[in-house]
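Below are the chains, spelled out letter by letter.
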Amino acid sequence: GHLDGLRFCDSAEAALGGADALLLVTEWKEFRTPDFDGIKNALKQPVVFYGRNQWEPALMQAMGLEHHGIGRGGQSMR
């Protein structure tokens, strides 16, 4: 069916394990202060796409994450 290949996880950390990239499209409080080191180590590539201006670009840059702020007007960094 159309859900083949879809995997449900019990936690955000479990969803990151072995993922190619992280896409954050919520502003829920539980995601406002993430463990960027943990994110970087869990992903196959340190690539983050985020909406809602949830995270500070300079902090992600300093942590070594390639980040793309959706709607930030060209401030994505590698």
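Residues numbered from 1 in each chain as written. Predicted model: local features only at pLDDT ≥ 70, side-chain atom pairs only at ≥ 80, totals over all residues. Heavy atoms only, no water.

Overview of the overall build of the protein chain
For the protein chain, the helix and strand inventory stands at three helices and three strands. Computed over the C-alpha atoms, the radius of gyration of the protein chain is 13 Å, within 12% of the 12 Å expected from 2.2 N^0.38 for a compact globule of 78 residues. The dimensions of the protein chain, computed from C-alpha atoms along their principal axes, are 40 × 25 × 25 Å. Considering only intrachain contacts with a sequence separation of at least 6, the fraction spanning at least 24 residues in the protein chain is 38%. For the protein chain, the exposed surface amounts to about 5600 Å²; the carbon and sulfur share of it is 52%. A distance of 5 Å separates the average location of the 8 positive side-chain charges in the protein chain from that of its 10 negative side-chain charges. (Helix = DSSP H or I, 4+ residues; strand = E, 2+ residues; numbered from the N terminus. Rg over C-alpha atoms; globule rule 2.2 N^0.38 Å. Contact = heavy atoms within 4.5 Å. Areas by Shrake-Rupley, 256 points an atom, 1.4 Å probe, with all protein chains shown as cover. Lys, Arg positive; Asp, Glu negative; His and termini not counted. Charge placed at Lys NZ, Arg CZ, Asp CG, Glu CD.)

A look at the pairing of strand 3 (residues 66-69)
Here strand 3 shows a buried face lined by E66 and H68 and a second buried face lined by H67 and G69. Pairing between strand 2 (residues 47-50) and strand 3: four bridges, direction parallel. Each residue of the ladder has a partner; that of V48, found in strand 3, is H67. Handedness of the β-α-β unit built from strand 2, helix 3 (residues 57-62) and strand 3 comes out right-handed. (Buried < 20%, exposed > 50% of the residue type's maximum accessible area, 1.4 Å probe, protein only. Pairing = 2+ DSSP bridges. Right-handed = clockwise from strand over helix to strand, strands pointing away.)

Some points on the sheet that holds strand 2
A sheet is described by the order of its strands in space; here three strands give the open sequence 1-2-3, paired in parallel fashion. Here the strands that pair on one side only, and so sit at the sheet edges, are strand 1 (22-24) and strand 3. Each strand of the sheet is rotated relative to its neighbour by a mean of 15°, with strand direction disregarded. (Axes fitted to C-alpha atoms, helices over the stretch in contact; angles between N-to-C directions.)

Here's the deal with the pairing of strand 2
Sheet topology note: the strand 1/strand 2 ladder contains three bridges and is parallel. Of the residues in strand 2, the one forming a bridge with L24 is Y50. Tracing the backbone out of strand 1, into helix 2 (residues 36-42) and back to the parallel element strand 2 gives a crossover that is right-handed.

Brief notes about the confidence of the model for the protein chain
Averaged over every residue, the pLDDT of the protein chain is 87; residues scoring 70 or more account for 91%. Per-element mean pLDDT across the protein chain ranges from 90 in helix 1 (residues 12-16) up to 94 in strand 2. (pLDDT = per-residue confidence, 0-100.)

Considerations on the environment of G18
Turning to its location among the elements, G18 is positioned in the loop between helix 1 and strand 1. As a C-alpha pair, G18 and K44 span 26 residues in sequence and 5.7 Å in three-dimensional space.

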